[in-house]
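In case you want the letters, here they are:
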Amino acid sequence: MPTQTPTQPEPATSGAKATMEAQLEQRLRNKTAVIGVVGLGYVGLPLARAIHAKGYRVLGYDVDAAKVRMLREGKNYLKHLGSGLAKELAQTGRFEPTSDEARLREADAVILCVPTPLGAHHEPDLAYVIASTELAARQLRPGQIVVLESTTYPGTTRDEMLPILEKTGLKCGRDFFLAYSPEREDPGRLDTSTERIPKLVGGVDEASTRLAVQMYSAFIDSVHEVSSAEVAESAKLMENIYRAVNIALVNELKVVFDRLGIDIWEVVEAAKTKPFGFQAFYPGPGLGGHCIPIDPFYLTWKAKEAGYATRFIELAGEINRSMPHYVVGRVGEALNEARRSIRGSRILVLGVAYKPNVDDTRESPAAEIIEELLERGADIRYHDPHVEIFPPMRKHKIDLASVALTAEEIRAADCVLVVTDHAGVDYALVGREASLVVDTRNAMAKAGEIRGRLVKS
């Protein structure tokens with residue numbers, strides 16, 4: 001029988017299985033378990049805070065040494081989480097940020113919170129999931145549980161992660177445990193928090209499910225157990241596809257009603273007076289964020305692998321992806337009516353984050369809109385109280401910084417284009433000073449008197 005290498009963890013014997021489960025269960029129950037969170041971004045950092053608040057020791061791992069350094073210094077790099085977050089984590093000594101992957105061997109649970117973007121052809125890009133799973137495998141020891149929170153297609157946890165982890169010689173369900181629990185963060189939302197958002201949990205076996213449910217129940221108010229990791233993976237996709245399809249519907253209706261001279265915003269307000277059978281969704285300049293523009297394509301790709309075309313989902317994606325171009329067209333039409341063209345016109349864009357009141361620009365439609373306007377020869381300025389400098393993105397590089405929203409800046413613009421309706425913007429000032437406003441969010445409804453021309457897009 002071959003001798004194991006020194007770096008390979010010793011697998012547990014079958015007789016030790018129940019003892020190993022019981023030991024982890026006991027550590028979770030008495031809060032001596034160490035919880036590792038891999039990826040300290042929009043998902044991982046709020047999760048670390050929720051775990052820490054319940055008295056657990058938390059190891060926060062991130063490859064970005066700058067993030068780790070800021071957290072050690074008590075500084076927060078995600079503004080929407082509040083300025084006191086990093087200080088709150090640092091003051092107890094139970095939260096340790098690190099870029100040393102070897103520290104994860106200390107953890108009893110390793111929760112992976114990494115991006116799942118799309119490739120060049122809208123195919124799933126699991127590079128971060130695979131890399132973080134390999135990271136977990138390098139530090140895997142008997143008695144650990146590994147949980148993936150990243151949104152992905154059904155089968156990822158079992159078919160992609162499990163083989164990597166079992167290459168260590170350890171056996172899932174005996175030596176270690178593996179589950180999936182999708183993140184449900186909504187950056188900027190003030191009426192809830194991580195611990196109050198119900199958690200779905202499904203493991204690759206019964207023991208993994210049971211332990212993952214116990215773990216999350218310790219710091220999440222409501223945990224919903226499902227029969228498998230695949231059910232949990234599918235439920236997360238269904239949530240976001242539901243939103244994407246309904247947003248596509250109202251975006252398509254916006255175009256139709258606009259041609260009929262009907263205000264889509266008034267239509268939605270009228271329709272939602274029905275107390276049943278209708279849920280209000282609102283049009284916009286395109287989808288943004290880490291979920292809705294991306295997640296549906298994880299299922300369309302998996303469906304094609306199974307020989308089925310998801311025509312409904314793909315049509316919704318096509319409509320939503322067309323919205324930035326539609327907005328640019330509306331800007332062009334509005335300027336033409338003022339006997340101007342996009343080329344040479346100064347356009348002031350209000351809001352570049354993907355949603356109100358956050359500094360998150362991931363997949364923001366503002367990037368595509370600004371890029372197309374620049375290509376058409378426009379002189380672009382933008383104002384966003386949350387985004388001082390337009391950050392580099394995977395597909396876009398825009399060299400712009402936010403300007404102050406002054407009466408002079410507004411008057412100098414041939415067109416003010418509202419892309420993101422931040423609460424901190426003085427829309428009344430825009431209404432008084434702008435000669436032309438193209439509004440994609442119905443933000444100018446808050447402005448009161450509008451001196452110039454208003455075009456809803």
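Above this text sits the structure in question.
The structure displayed is predicted, hence computed values, not measured ones. (Residues numbered from 1 in each chain as written. Predicted model: local features only at pLDDT ≥ 70, side-chain atom pairs only at ≥ 80, totals over all residues. Heavy atoms only, no water.)

For this particular structure, what's the right way to read the sheet that holds strand β10 (residues 379-383)?
In any sheet, the strands associate via hydrogen bonds between backbone groups, in a parallel or an antiparallel arrangement. The strand order across the open sheet built from five strands is β10-β9-β11-β12-β13, with neighbouring strands paired in parallel fashion. Looking at the sheet topology across the chains shown, the edges are occupied by β10 and β13 (453-456). Across this sheet, the average inter-strand angle for adjacent strands is 20 degrees, counted without regard to direction. (Pairing = 2+ DSSP bridges. Helix = DSSP H or I, 4+ residues; strand = E, 2+ residues; numbered from the N terminus. Axes fitted to C-alpha atoms, helices over the stretch in contact; angles between N-to-C directions.)

Looking at this structure, I do not really get empty space enclosed by the protein. What am I missing?
Gaps left between atoms show up when a probe the size of a water molecule is rolled over them. Applying the stated criterion to the full structure yields one cavity of 30 Å³ or more. Size it by volume and the largest cavity reaches roughly 90 Å³. If you trace the largest cavity, you find it lined by V43, L47, E149, P182, E183, R184, E185, T194, I197, P198 and K199. Of the residues that constitute the lining of the largest cavity, the class distribution is five nonpolar, one polar and five charged. (1 Å grid on protein atoms, 1.4 Å probe; cavity = no way out; pocket = protein on both sides within 12 Å on 5 of 7 lines; lining within 4 Å. Points joined across faces, edges and corners; volume = space filled by probe spheres on them. Nonpolar A, V, L, I, M, F, W, Y, C, P; charged D, E, K, R; others polar.)

Would you take a moment to explain the packing of helix α8 (residues 229-259) against helix α9 (residues 264-271) for this structure?
A packed helix pair is summarised by two numbers, namely the angle formed by the two axes and the spacing between the axes. Look at α8 against α9: their axes get within 9 Å of each other, and the N-to-C directions meet at 125 degrees. Overall, the two elements α8 and α9 adopt an arrangement that is oblique. In this structure, α8 contributes V250, L253, K254 and F257 to the contact, and α9 contributes I264, V267 and V268. Residue composition of the contact of α8 with α9, by class: six nonpolar, no polar and one charged. (Parallel < 35°, antiparallel > 145°, perpendicular 65-115°, else oblique. Contact = heavy atoms within 4.5 Å.)

Is there a simple way to explain the pattern of salt bridges in this structure?
Once the charged atoms of two side chains with opposite charge are near each other, the side chains can pair. Using the criterion set out here, one finds 33 salt bridges in the structure. One salt bridge in this structure joins D108 and R27, with 3.0 Å as the shortest N-O distance. Of the two residues, D108 is situated in the loop between β3 (95-98) and β4 (109-112) and R27 in helix α1 (residues 17-29); the sequence distance between them amounts to 81 residues. Notably, a salt bridge pairs R362 with D360, separated by 2.6 Å at the nearest N-O pair. A relative accessible area of 29% places R362 in the partly exposed class. (Salt bridge = Lys/Arg side-chain N within 4 Å of Asp/Glu carboxyl O. Buried < 20%, exposed > 50% of the residue type's maximum accessible area, 1.4 Å probe, protein only.)

What is the right way to look at the layout of surface pockets in this model?
Approximately 1200 Å³ is the volume attributed to the second largest pocket. In this structure, the second largest pocket is lined by 33 residues; those nearest its centre are D186, R189, R243, I247 and K355. Residues belonging to the lining of the second largest pocket are distributed by class as follows: 13 nonpolar, 10 polar and 10 charged.

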